Amino acid sequence: MSHQTVIVLDFGGQYNQLIARRVRECGVYCEVKPYTTPLEQLKAMKPIGFIFTGGPNSVYDEKAPHVDPAIFELGVPVLGICYGCQLMAHTLGGQVTAAQEDTAREYGKTETYYDTTCKLFKGLPEQGISWMSHGDYMAKVPEGFALTARTDACPNVAIADEKRGFYGVQYHPEVNHTQHGVDMIRNFLYEVCGATGDWTMEDYKNTAIRDIREKVGDGKVLLALSGGVDSSVAAALLAEAVGKQLTCVFVDHGLMRKNEGDEVEAAFARWDINFVRVDAETRFLLKLAGEAEPERKRKIIGEEFIRVFEEEAKKIGRVDYLVQGTIYPDVIESGAGDAAVIKSHHNVGGLPDYVDFKEIIEPLRLLFKDEVRQLGRELGLPEYLVMRQPFPGPGLAIRVIGDLTKEKLDTLRDADAIYREEIAAAGEDKNINQYFAVLTNTRSVGVMGDGRTYDYTLALRAVTTSDFMTADWARIPYDVLDRISTRIVNEVKGINRIVYDITSKPPATIEWE
Ligand code: XMP
């Protein structure tokens, strides 16, 4: 696959993936590379432009990350953002210092004035809000650079050497708070780097199909389908590419939401592939019986999933290729250190490496999540699969608190379905990134009709988040909550009380177990 490529050189800033997504949204392919990547390797990628990201350091710190100055001799345009801007100024002979109190340390939304004769701001308004986050100040800009944007406090929030194609901005054009920020990135790509916009999902699909066919020949391909977005899109792509040579093994562990198994199966009916649905509900419930501890539940499900999958793989016989739904954020090398294990996330896509196969195919490894969804649409997958919210591998097992029974799972399935239906009907699904019901193991007294009840409490969870690492609880309107509560208590046997979880993450996690 060859596309015009922009390299986002990562200096450890918090918005780096967002920069890459913005570039891709502009129709230009880009990759994020750590700043330590050798120059030869970067050159070999034949980039049409570099974007240097922000980062937590100051360029004058002893341990501050640097670039090989030869990068500025390649004749390739550079856009430096925040730290990236200061680094460029510093490397090319400017001077960067800590901002004094009376000079330009700026954070947050700032009124900014642009010189629209600069290519970066071509066709854009001369004034607008930009999102600042810098404590350093460019006391002297390098030779050849002009000042192209200012704020009331700072005369040089953007600099440019248009002859060499070097641009630097102290603010963050990639965040939504910066008005026309994406247009500035687009200007850099199209006006400066000569981008043609050759990154489209249709093109990606066609090329990927051609490449897969070439690679697979008449070999056999195996894919573990979980029903999640990534494995579903990978399956659709492979189905389109190699049809009957593909076997999708869909292990239905009985811990799916209402009708989910059938929906997944139906979505693949249009392709002539081998689709194996393994009904393993009894088997999983037997293994899980009496187990109330969340981490044990996860481990049991993970192991059992692999056992079932192996058995199916053996029946199919020698497989040449195994497909995995790895996506680009999993591939990007990040500078993040070892984080504490809060939960052992078991991704049902993670398969044993002793299945008998020759090679792994990862057809989504270049794509961001929103691109995976776009590709899914391009392949004709239904919207309910493509827009599916994340669903944990262990499924409803970690949403029934304490020990599991089929009855409890069915109760939760019915309640969860009503919750999802009402949220969608109210249009709230567009504002919420993940929402689900949890069957707690608390029972309380209620009164229904003239009788006493002693039933379970159901908790509703809904969060807004961009990365699922931190999350805020969603402000669902009271009248919507009211409708959900009334319907569930009336329609679902075994539940007589509904509570709404108003804890953010941290200190809570999104799931209850
Ligand atoms: P937590 O509960 O850790 O969840 O805040 C963060 C995100 O991860 C999902 N999640 C899982 N996904 N296997 C998965 O594949 C798991 O065991 C698992 N546990 C949590 C959760 O739904 C949320 O989107």
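Calculation criteria
Residues numbered from 1 in each chain as written. Predicted model: local features only at pLDDT ≥ 70, side-chain atom pairs only at ≥ 80, totals over all residues. Heavy atoms only, no water. Helix = DSSP H or I, 4+ residues; strand = E, 2+ residues; numbered from the N terminus. Contact = heavy atoms within 4.5 Å. Phe/Tyr/Trp six-rings, centres within 6.5 Å; stacked < 30°, edge-to-face > 60°. Buried < 20%, exposed > 50% of the residue type's maximum accessible area, 1.4 Å probe, protein only. Pairing = 2+ DSSP bridges. Salt bridge = Lys/Arg side-chain N within 4 Å of Asp/Glu carboxyl O. Axes fitted to C-alpha atoms, helices over the stretch in contact; angles between N-to-C directions. Domains from an automatic or database assignment. Buried area = accessible area lost by both parts, 1.4 Å probe. Polar contact = N/O pair within 3.5 Å; in protein donor to acceptor, adjacent residues only side chain to side chain.

Colleague: How should I be thinking about the environment of Ile 7 in this particular structure?
Modeller: Considering the arrangement of structural elements, one finds Ile 7 in strand β1 (residues 5–10). As a C-alpha pair, Ile 7 and Pro 34 span 27 residues in sequence and 9.9 Å in three-dimensional space. Non-local contacts of Ile 7, meaning those with residues more than four positions away in its chain, are made with Glu 31, Lys 33, Leu 42, Met 45, Pro 47, Gly 49, Phe 50 and Ile 51.

Colleague: What should I look at first to understand the packing of aromatic side chains in this one?
Modeller: The description of an aromatic ring pair uses the distance of the two centres, along with the angle that the planes make with each other. One pass over the structure, following the stated rule, counts 16 aromatic pairs. Ring centres of Phe 11 and Phe 52 lie 5.7 Å apart, and the angle between their planes is 65°; on these two criteria the pair is classed as edge-to-face. With Phe 11 in the loop between β1 and α1 (16–25) and Phe 52 in strand β3 (residues 47–52), this residue pair connects regions lying 41 residues apart in the sequence. The pair Phe 11 / Phe 52 is uniform in exposure class, with both members buried. Aromatic side chains Phe 11 and Tyr 83 sit 5.7 Å apart centroid to centroid with 50° between the ring planes, which places their arrangement in the tilted category. Of the two residues, Phe 11 is situated in the loop between β1 and α1 and Tyr 83 in helix α3 (residues 83–91); the sequence distance between them amounts to 72 residues. Both residues of the pair, Phe 11 and Tyr 83, belong to the buried class. Members of the aromatic cluster, each reached through a chain of ring pairs, are Phe 11, Tyr 35, Phe 52, Phe 72, Tyr 83 and Phe 166.

Colleague: Got a minute to help me understand the pairing of strand β17 (residues 434–448) in this structure?
Modeller: A regular strand places its side chains so that they alternate between the two faces of the sheet. Here β17 pairs with strand β18 (residues 451–464) via twelve bridges, running antiparallel. The partner of Phe 436 across the bridge, within β18, is Arg 461.

Colleague: What am I meant to see in the pattern of salt bridges here?
Modeller: Opposite charge on two side chains allows them to pair when their charged atoms are near. A full pass over the atoms with the stated rule returns 41 salt bridges. One salt bridge connects Asp 501 with Arg 461, and the closest N-O pair in it is separated by 3.2 Å. Taken as a pair, Asp 501 in the segment after β20 (495–500) and Arg 461 in strand β18 lie far apart in primary sequence, 40 residues in all. Exposure remark for Arg 461: the relative accessible area of 1% places this residue in the buried category.

Colleague: Explain the sheet that holds strand β2 (residues 29–34) to me, please; I cannot follow it from the model alone.
Modeller: Strands belonging to one sheet form pairs held by backbone hydrogen bonds; the direction of such a pair is parallel or antiparallel. Here nine strands make up an open sheet; going across it, the order is β2-β1-β3-β4-β11-β10-β9-β6-β7 and the pairing mixed. Edge positions in the sheet fall to β2 and β7 (127–134), since each has one partner strand and no second. Neighbouring strand axes in the sheet, compared pairwise and without regard to direction, differ in orientation by 25° on average. Where strand β10 (residues 158–161) meets strand β11 (residues 166–169), four bridges bridge the pair, whose relative direction is antiparallel. The residue of β11 that forms the bridge with Ala 160 is Tyr 167. α3 contacts β3, β4 (78–81), β7, β10 and β11 of the sheet and is inclined by roughly 120° relative to β4.

Colleague: Explain the pairing of β10 to me, please; I cannot follow it from the model alone.
Modeller: With burial as the criterion, each face of β10 is covered, one bearing Ala 158 and Ala 160 and the other bearing Ile 159 and Asp 161. Inspection of the sheet shows strand β9 (residues 146–150) paired to β10 by three bridges, in the antiparallel sense. The residue of β10 that forms the bridge with Ala 149 is Ala 158. The loop that links β10 with its antiparallel partner β11 comprises four residues; one of these, Gly 165, has a positive phi angle of about 75°.

Colleague: Sorry, what's going on with the domain arrangement of the chain here?
Modeller: Assigned domains within the chain: domain 1 (5–192), domain 2 (201–386) and domain 3 (405–500). A separation of 39 Å is found between the C-alpha centroids of domain 1 and domain 2. Between domain 1 and domain 2, the residue contacts involve ten residues of the former and nine residues of the latter. Both sides together, the interface formed by domain 1 and domain 2 hides about 840 Å², and carbon and sulfur atoms give 51% of it. Considering only the side of domain 1, the residues that lose the most area to domain 2 are Gln 17, Arg 21 and Arg 24, jointly responsible for 53% of the buried surface there. Where domain 1 meets domain 2, there are two salt bridges. Close ionic contact of Arg 21 with Asp 370 constitutes a salt bridge, the shortest N to O distance being 3.4 Å. Inspection of the region where domain 1 meets domain 2 yields four residue pairs in polar contact (both at pLDDT 80 or more). Counting residues per element, the ones that place at least two in the side of domain 1 that touches domain 2 are α1 and β2. Sort the elements by how many residues they give to the side of domain 1 that touches domain 2 and α1 lands first, with five residues.

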